[in-house]
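This is what each chain is made of:
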Amino acid sequence: MSPLLSLAPELTREITDKLNIKDIKELRLTCKHLSESLAAHALRSITVDLSKIEIEKGLWKLQMLATDACAALRETVELNIASLSPGPAEVSKDANGQCVEQPEPEDPDPSSGTAVAEVDMKVLLYDALSSLKSVRSVKWDPGAEDQGWIFTTVMDALRTLPNLRSLHINIDHCKEELRLDKLIGLHAISISGTASKHYEQIMEHLSRMIAGSPQLTSITMASNYGRRATPTKPQCTTKPQSLHHLVKYYPKDTAPLRLRFLSMQTYFVCLDKITMPHLKFLTSLELKNIVYTPESNRMKEERFESTPNDIWSMLAQGASRLEEISVHNQIVPSFLKYLKSYSGLKKLKLRIGRFEDGSDSDQIALQFYGNALDNHTTSLENLDILARFEGSWYFGAHNQALISKCTKIKELHMCVVAWKPQAGASTTEVIRLLIDTVAFCNPRLKSLRISTYYPEYQRYGGHPIQVMMIARQRITEGVENYRAPPSCRQLPNLALSEHHTFEGELGADGRYQYRDTSPLDQDWY
C-alpha cells in the first residue's frame, strides 16, 4: 500500500492542496480510493463555456450542476465563465471598416442545433450557477455574441452565492447593465474593459457597491481607452473614470476602506484628502499607463486626476510603505524619491517606456541604480526590470554591486545588451558576470530570467525581427557555454522566455553548467 494512503485524511488533504489540477488528475488515476477522495480537489475549479466548439461539454456541465448530479461539485471554490453563446462568431464593421458592437441576434431556426442549445441553456443556466454555494472566486469573460438575457441571469445567480468573495468581469461585451450594487460580501473586485455602451451605468453601480462594502480590500480597474480597432474588437474611445468616482458614494461618517491592493490601468488617479484615507493600509500598488492631462492643457475647473509625479509625492507625504510595486511606462523622479523614503519593499516590477529619448531614460536609470533601492536590499525578494529600448537599465558593472547586495532575492528578471559589445564586454562575458553574481551573492535565488531589447536607433520606428533574433541567439550561446567556477554549488533555474528554459546540472568536468529543458516543439528564434 502506498504510504500516502496510510496518512490521516487531514494530512492527505494538506498535501494535495499543494498540487495543481493536472497533478491531481494524474494522481486520481493511480487507485480507486484516491480517485474518490480527490474528486472534490479535481473540481475545485470549473469552467463553463458554451461557445460553438465547447457547446456539448458546456451543456453537460450545466446539466450536472442544475440537477446536483455530482456531489463533488459542492466543493468547487473557483468558477470561470467564458462565452455563453453557442451561435457562430461574426464580426460587424461600419462604413469605415471599424469594428462595432453587434446587435442582439435574431431568433435562430427553432429546429437548428444552436436554437435547441439556447433553449436548454435558458432552462439550466440560473439553477446551475446558483447551485455552487461554495464558490469564493468568479472570473467572467463574456463573448461578443452573448445575448442580453445572459448577463441578467448570471448576475442574478451570482447574488445567491453566499461565499462569493472575489469577482472579475470583462465588460467589453456587456449588453445589459450589471447590477453590481446588489452584490454583498465581496473582498476583491476587478473590472476590465470600457467599450460597453453601458459603461457609465456599470461604473455607477460599482460605486454604490463599493459604498456598501467596508470589507473590500482589493480593487483592480483596467480600461481599454485608446485601444486601436482589431478584427474582433472595436476602437475604444470611452474615457475611463477616476479613482475618485469609485469612492464618491462612500459614507463620510464611516471608517474608510482598508484597501491592501490597488491596480489602475489606463485610468485617472487622483490622490487627495478624499482618496488617501482609503489607501492608509495599502501594501501593493500597480500603476499601468496612468491617464492624465498635462498641466499646460488642464482646464481651470477641478479635475479628478494626478500626474505620475503627484501620485508618488502624495504617497511619500502619507508615509505609505508599499511592499509590492508595479509601474508600467511612467518612471518619474518622484518615484525614485518615494523609494528612498522608506524600507521594506519586497517586490518591484518596472516596464520602461514613454521616454522621449535615450538620455532621459539613462538619467533615471542611473539614479535608480545609484541609491533608490539602498533601503530595500535586505527585503527585496522579486526584482523584474524590462526595458523596450537600449539604455542603462541593462545589467552591467554599473549595477552589479546593487544586485549582489539583494541577498534575499528569489526571482530576478533583467535585460542585457546582446547585439553589440556592452562596455567592451562580449555577450558571453556579460552572461557569465550575471550568472556568477547571482550564484555567489544571491543564495535564495530560484529563478533568473534574461531578456534583451531594441537598439536606441529603433526608438522612433522600425523593429526588424532580425536584430532580436541575433541578440537572442547570442544570449542562448552565452548560457549554453557558461561554466561555473569550481566553488559554485548551485545554479538558479534560468529562462530566456516562457518556453525557453534551462536548469543547472553538474557537467562532466565537475563544474555546474546549464542544460536546455525547453519543449522540443518550441523555437525561441
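Residues numbered from 1 in each chain as written. Predicted model: local features only at pLDDT ≥ 70, side-chain atom pairs only at ≥ 80, totals over all residues. Heavy atoms only, no water.

*Asks:* What should I look at first to understand the overall build of the protein chain in this one?
*Replies:* A tally of regular secondary structure across the protein chain gives 15 helices and 16 strands. With 525 residues in all, the protein chain has 48% of them scored as buried. Split by element, the accessible area of the protein chain, about 26,000 Å² in all, is 50% carbon and sulfur. (Helix = DSSP H or I, 4+ residues; strand = E, 2+ residues; numbered from the N terminus. Buried < 20%, exposed > 50% of the residue type's maximum accessible area, 1.4 Å probe, protein only. Areas by Shrake-Rupley, 256 points an atom, 1.4 Å probe, with all protein chains shown as cover.)

*Asks:* When you look at unusual backbone geometry in this model, what are you seeing that I'm missing?
*Replies:* In the Ramachandran plot, Asn 289 falls in the positive-phi region, its phi being about 55° despite a non-glycine side chain. Position of Asn 289 among the secondary structure elements: in the loop between β8 (284-288) and α10 (308-317). Located in the positive-phi region is Asn 329, a residue other than glycine, with phi close to 75°. Looking at the secondary structure, you find Asn 329 in the loop between β9 (324-328) and α11 (333-340).

*Asks:* It is not clear to me how the nonpolar core should be interpreted in this structure. Could you clarify?
*Replies:* It is characteristic of soluble globular proteins that their nonpolar side chains tend to be buried jointly. Among the nonpolar cores identified, the biggest contains 128 residues, and Leu 180, Trp 312, Ile 325, Phe 335, Phe 368 and Trp 393 are the most heavily contacted of them. Discounting chain neighbours no more than four positions away, the residues touching Phe 335 are Trp 312, Ile 325, Val 327, Leu 348 and Leu 350. (Core = buried A, V, L, I, M, F, W, Y, C linked by side-chain atoms within 4.5 Å. Contact = heavy atoms within 4.5 Å.)

*Asks:* Quick question: what am I supposed to make of the pattern of salt bridges here?
*Replies:* In a structure, side chains of opposite charge can pair up when their charged atoms sit close to one another. Inspection of the entire model under this criterion finds eight salt bridges. Among the salt bridges present, the one from Asp 384 reaches Arg 351, with a minimum N-O distance of 3.0 Å. With Asp 384 in strand β11 (residues 382-387) and Arg 351 in strand β10 (residues 347-352), the pair connects residues that are 33 residues apart, well separated along the chain. Residue classification places Asp 384 among the buried positions, given a relative accessible area of 14%. We classify Arg 351 as buried; its relative accessible area is 16%. Linking Glu 503 and Arg 515 is a salt bridge whose minimum nitrogen-to-oxygen distance equals 3.3 Å. Of the two residues, Glu 503 sits in strand β15 (residues 501-506) while Arg 515 sits in strand β16 (residues 512-516), which places them 12 residues apart along the sequence. (Salt bridge = Lys/Arg side-chain N within 4 Å of Asp/Glu carboxyl O.)

*Asks:* Explanation requested: the pairing of β10 in the structure shown.
*Replies:* Each regular strand carries side chains that alternate between the two faces of the sheet. Relative to β10, β9 is paired through five bridges, and the arrangement is parallel. For Ile 325, the partnering residue across the bridge sits in β10 and is Leu 348. Regarding topology, α11 serves as the crossover connection from β9 to the parallel β10, and that connection is right-handed. After leaving β10, the chain enters helix α12 (residues 358-372) and then returns to the sheet as β11, a path that is right-handed. (Pairing = 2+ DSSP bridges. Right-handed = clockwise from strand over helix to strand, strands pointing away.)

*Asks:* It is not clear to me how the side chain of Thr 153 should be interpreted in this structure. Could you clarify?
*Replies:* Relative to the elements of secondary structure, Thr 153 occurs in helix α7 (residues 148-158). With residues near it in sequence (within four places) discarded, Thr 153 still touches Leu 125 and Tyr 126.

*Asks:* How should the environment of Thr 76 be read in this particular structure?
*Replies:* Here Thr 76 shows up in the loop between α5 (55-66) and β2 (78-81). Separated by 30 residues in the primary sequence, Thr 76 and Ile 46 place their C-alpha atoms 7.2 Å from one another.

*Asks:* I tried to follow α7 on my own but got confused; where do I start?
*Replies:* Since the α-helix advances by 3.6 residues per turn, residues separated by three or four positions end up pointing in the same direction. Burial analysis of α7 places eight of its 11 residues in the buried class, the great majority of the element. Of the positions making up α7, those classed as buried are Gly 148, Ile 150, Phe 151, Thr 153, Val 154, Met 155, Ala 157 and Leu 158.

*Asks:* Is there a simple way to think about a positive patch on the surface in this case?
*Replies:* On the surface, a cluster of positive charge is contributed by Lys 346, Lys 408, Lys 410, Arg 444 and Lys 446. By the secondary structure assignment, Lys 446 is in the loop between α14 (427-441) and β13 (447-451). Judged by relative accessible area, Lys 446 falls into the exposed class, the value being 55%. (Patch = residues over 30% accessible without salt bridge, like charges linked within 9 Å, V, L, I, M, F, W, Y side chains within 5 Å. Lys, Arg positive; Asp, Glu negative; His and termini not counted. Charge placed at Lys NZ, Arg CZ, Asp CG, Glu CD.)

*Asks:* Just to check I follow, could you spell out α12 for this structure?
*Replies:* Here α12 spans 20 Å end to end across 15 residues, near enough to the 21 Å set by a 1.5 Å rise per residue. By the burial criterion, the buried members of α12 are Gly 358, Ser 361, Ile 364, Ala 365, Phe 368, Tyr 369 and Ala 372. Buried residues of α12, viewed axially, fall in a sector of 135°; they line one side. Residues of α12 that are buried make contact with α11, β10, β11, α13 (400-405) and β12 (411-415). (Expected span 1.5 Å × (residues − 1). Arc of directions from axis to C-beta.)

*Asks:* For this particular structure, what's the right way to read the confidence of the model for the protein chain?
*Replies:* When pLDDT is low, close inspection of the predicted coordinates is not appropriate. Considering every residue of the protein chain, the mean pLDDT works out to 85; 81% of them sit at 70 or more. Within the protein chain, strand β3 (residues 137-140) carries the highest mean pLDDT (98), whereas helix α4 (residues 39-42) carries the lowest (62). Scored below 50 in pLDDT, residues 89-99 shows 22 contacts in the model against residues more than four places distant or in partner chains. (pLDDT = per-residue confidence, 0-100.)

*Asks:* Please clarify how the packing of aromatic side chains should be interpreted in this entry.
*Replies:* Centre-to-centre distance and the angle between the planes together describe a pair of aromatic rings. Tallied over the full model, the rule gives nine aromatic pairs. On the basis of an interplanar angle of 45° and a centroid distance of 4.9 Å, the ring pair of Tyr 338 and Tyr 342 is categorised as tilted. Take Tyr 338 and Tyr 342: they sit in the same class, and that class is buried. Taking the centre distance of 6.3 Å and the plane angle of 45° together, the rings of Tyr 482 and Tyr 514 count as tilted. (Phe/Tyr/Trp six-rings, centres within 6.5 Å; stacked < 30°, edge-to-face > 60°.)

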